[in-house]
Amino acid sequence: MNEQALVAMRRESRFRLIGAFILTLACLATFYGFGWDTEWHADVGPDTFWTEPHALIYSGMGGAGFISLFMVMATTRKFRRKVEGVDENTTTPFIGGHAPMGFFFAGFGSLSVFIGGCYDLWWHEIYGFDVTLFSPPHFGLIFGGLLYGVGGAYVYASEVNRARVHGLKLYERLATLGFILQIGIPLSTSMVFMVVCLDEVPQLAGLSTYTMLGAVVVPLGLMLAASFIRRTGAVTLTGLCVLTLKWTGMSYSIWSVKWLANELQLPYKEDALFLPLVTGFMLEYIVVVAIIMDVILYLGEKFGWSRRTAVSLAGAVGMFTSSLIDTDWIRKFTLYLNTSKPEQTETILAAIQQGFWLTAAVSAVIAAIVAWLGWRIGIAFRYTDR
Amino acid sequence: MLLRMLISIAICLVLLPAGTGLAHDVKARGIVYVQTIQVGPYTVDMGFNEYPIPAKKSLQVFVEPIDGYPGKKATYRLIPPAGVAEKFYQRNLLPYPGIDDAWVLQHPGLPYEGQWTWEIEIDGPKGKATGRLPQFKVLPPPGIPYWTGWVIGIFPLYGLLWFAYYERKRVKRLIEQDNGARV
């Protein structure tokens, strides 16, 4: 590649990384807004649409849609004007546009959220105010949010691969960090579904659904990151990213609810929990799980185990350990059950207590399968450069 | 300054409907039906935002003891129609921020139509007593069938499945091209 082409490529990478960074900020706004909103509804209220937490959530969603649309349109325009560095080899064609695939995907996620928002408005007119997290439009909204998170990961992955090929170390490192963050955000957000389990279906045949769903989302996200980055420590770094999101999310929700209640001079509800209901329930031990997974992947590499064996074993051992060390589960279940199903709390807790070891074993099996799936999905990111 | 103005407007919007006295605030609170029940020595007004209530639709009820709620503790119990295997729902009645004359009861939509039994228990200075709301009939659920709601609600999943199919084809082709060098 000649010097001029390299300059053009660097310029285009910079442009895309700035777009991806704005997308990341939008994802973070949604994430923190969501934590703020759930605690606000639980501890203070009032339950209306016109609240500041909703403003933060929807500005994140709108921001993600706006930046995705902008990047798609700007790149398509460059493509049509035959700007150097923007051609068939660096863009993905889709319904007449030419842009990085990640921005198309993030745009679809934002569109889903917009449609989900309209659906939610209609839903509330029919079924009343929010007292449950688990409704069809809420599922669409949360899931749409996950999609634009994954779209951002695609953009960063594409920039890592492009920078690696052209030896642009700084861009590669920046994009790798962006990728980890962009995997960490959807991974953290998807743990919301675990909280939904506590609220809606805490147990199935005596097995804790919270733990089993954790065995799906955690290895999926962590192994996807490991598969793409292929360096010892990648899983731990992703785990640290999730833990940072959890801690900052918890502190932010507590502070922001207190601040807004003071500003609006609204008292806390009598049954306020003073607890971040989303971030507070994300797995605390994810870094321990991540370190275990990293060590097993390293040992697999060192002793020549088949990749499938190492990855599945890492997932299984990591999540089995997580089930055992999550000694706080009784408090989590009690808190939720006392709110949603107080009359069944004791029966459900007894059933889960009885199925504790079976839950850990089933979670390990699930994690082994899902870890391999996560690894396979990670390969798609290694083959993304446009 | 602008933030303060916006917050002041929000305070007004939020607190305006939350003034005083259920009887005086029926319109402001969107109450369409008031039922007075006797819970032992306590007389209680129950103000419904919708009546009769359809199944699956969330309930909001203002529960106001005529002589105020301070010094009293209350719980409500919703017992499903006869023949339904599900257990009853029991919750505490609690004050709501900004409303100082009535407990506000917010309950997720009741799952079944039919004749529910609604009990309220109050423990206060005049002792503990239980009262019943007679003839609390829940109508069939409104809107589209719930399963249709889910079919629509999970629509981002359809896009994801299509994308997974597209990616599978794309990556497979690229792996064949470079003999799996990046796998």
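Note that the coordinates shown come from a computational prediction; the quantities given were computed from them, not determined experimentally. (Residues numbered from 1 in each chain as written. Chains lettered and ligands numbered in written order. Predicted model: local features only at pLDDT ≥ 70, side-chain atom pairs only at ≥ 80, totals over all residues. Heavy atoms only, no water.)

Peer 1: Got a sec to walk through the overall build of chain B? Specific residues and values, please.
Peer 2: Summing up its helical and strand segments, chain B has 3 helices and 10 strands in all. Secondary structure of chain B in N-to-C order comes out as α-β-β-β-β-β-β-β-β-β-β-α-α. Expressed as a percentage of its 183 residues, the buried residues of chain B come to 40%. (Helix = DSSP H or I, 4+ residues; strand = E, 2+ residues; numbered from the N terminus. Buried < 20%, exposed > 50% of the residue type's maximum accessible area, 1.4 Å probe, protein only.)

Peer 1: Before we move on, can you summarise the confidence of the model for chain B with the specific residues and values?
Peer 2: All names here are of chain B. With 84% of its residues at a pLDDT of 70 or more, chain B shows a mean pLDDT of 82. Mean pLDDT values for the elements of chain B range from 45 in helix 1 (residues 2-15) up to 94 in helix 3 (residues 155-177). Predicted confidence for residues 5-21 stays below pLDDT 50, and this span has 28 contacts to residues more than four positions away or in other chains. (pLDDT = per-residue confidence, 0-100. Contact = heavy atoms within 4.5 Å.)

Peer 1: Let's hear about the nonpolar core: which residues, and what values?
Peer 2: The nonpolar side chains of a soluble globular protein tend to be buried with one another. Counting residues in each nonpolar core, the largest one holds 103 residues, and the members touching the most others are Phe179, Met191, Val218, Leu222, Met223, Ile286 and Leu297 of chain A. The dominant element in this core, judged by the number of residues it contributes, is helix 4 (residues 136-165) of chain A, at 14 residues. Setting aside chain neighbours within four positions, we find Phe179 of chain A in contact with Ala153, Tyr156, Ala157, Leu224, Ala225, Phe228, Ile229 and Phe381 of chain A. In this structure, Val39, Ile53, Ala74 and Leu105 of chain B belong to the second largest nonpolar core, which totals 28 residues. (Core = buried A, V, L, I, M, F, W, Y, C linked by side-chain atoms within 4.5 Å.)

Peer 1: Explain the domain arrangement of chain A to me, and be specific about the residues and the numbers.
Peer 2: All names here are of chain A. Under the domain assignment, chain A is made up of domain 1 (1-190) and domain 2 (194-386). Taking the mean C-alpha position of each, domain 1 and domain 2 sit 23 Å from one another. Across the contact, 49 residues belong to domain 1 and 49 residues belong to domain 2. At the boundary of domain 1 with domain 2, total buried surface from both sides reaches about 4,000 Å², with 71% on carbon and sulfur atoms. Of all residues in domain 1, Glu39, Asp43 and Leu187 bury the most surface against domain 2, accounting for 16% of the area lost on that side. A salt bridge links Glu172 to Arg231; its shortest N-O distance comes to 4.0 Å. Summed over the shared surface of domain 1 and domain 2, the result is 14 residue pairs in polar contact (both at pLDDT 80 or more). At the level of secondary structure, the elements contributing two or more residues to the side of domain 1 that touches domain 2 comprise helix 1 (3-43), helix 2 (52-80), helix 4 and helix 5 (169-190). Looking at side-chain class alone, the side of domain 1 that touches domain 2 contains 27 nonpolar, 15 polar and 7 charged residues. (Domains from an automatic or database assignment. Buried area = accessible area lost by both parts, 1.4 Å probe. Salt bridge = Lys/Arg side-chain N within 4 Å of Asp/Glu carboxyl O. Polar contact = N/O pair within 3.5 Å; in protein donor to acceptor, adjacent residues only side chain to side chain. Nonpolar A, V, L, I, M, F, W, Y, C, P; charged D, E, K, R; others polar.)

Peer 1: Describe the pairing of strand 5 (residues 73-79) of chain B, naming the residues involved and giving the relevant values.
Peer 2: Regular strands place their side chains on alternate faces of the sheet. Residues and elements named next belong to chain B. As paired elements, strand 5 and strand 9 (residues 114-124) share 7 bridges and run antiparallel to each other. Bridging from a neighbouring strand, Ile79 pairs with Thr117 of strand 9. Relative to strand 6 (residues 89-93), strand 5 is paired through 5 bridges, and the arrangement is antiparallel. Across the sheet, Arg77 pairs through a bridge with Gln90, a residue of strand 6. (Pairing = 2+ DSSP bridges.)

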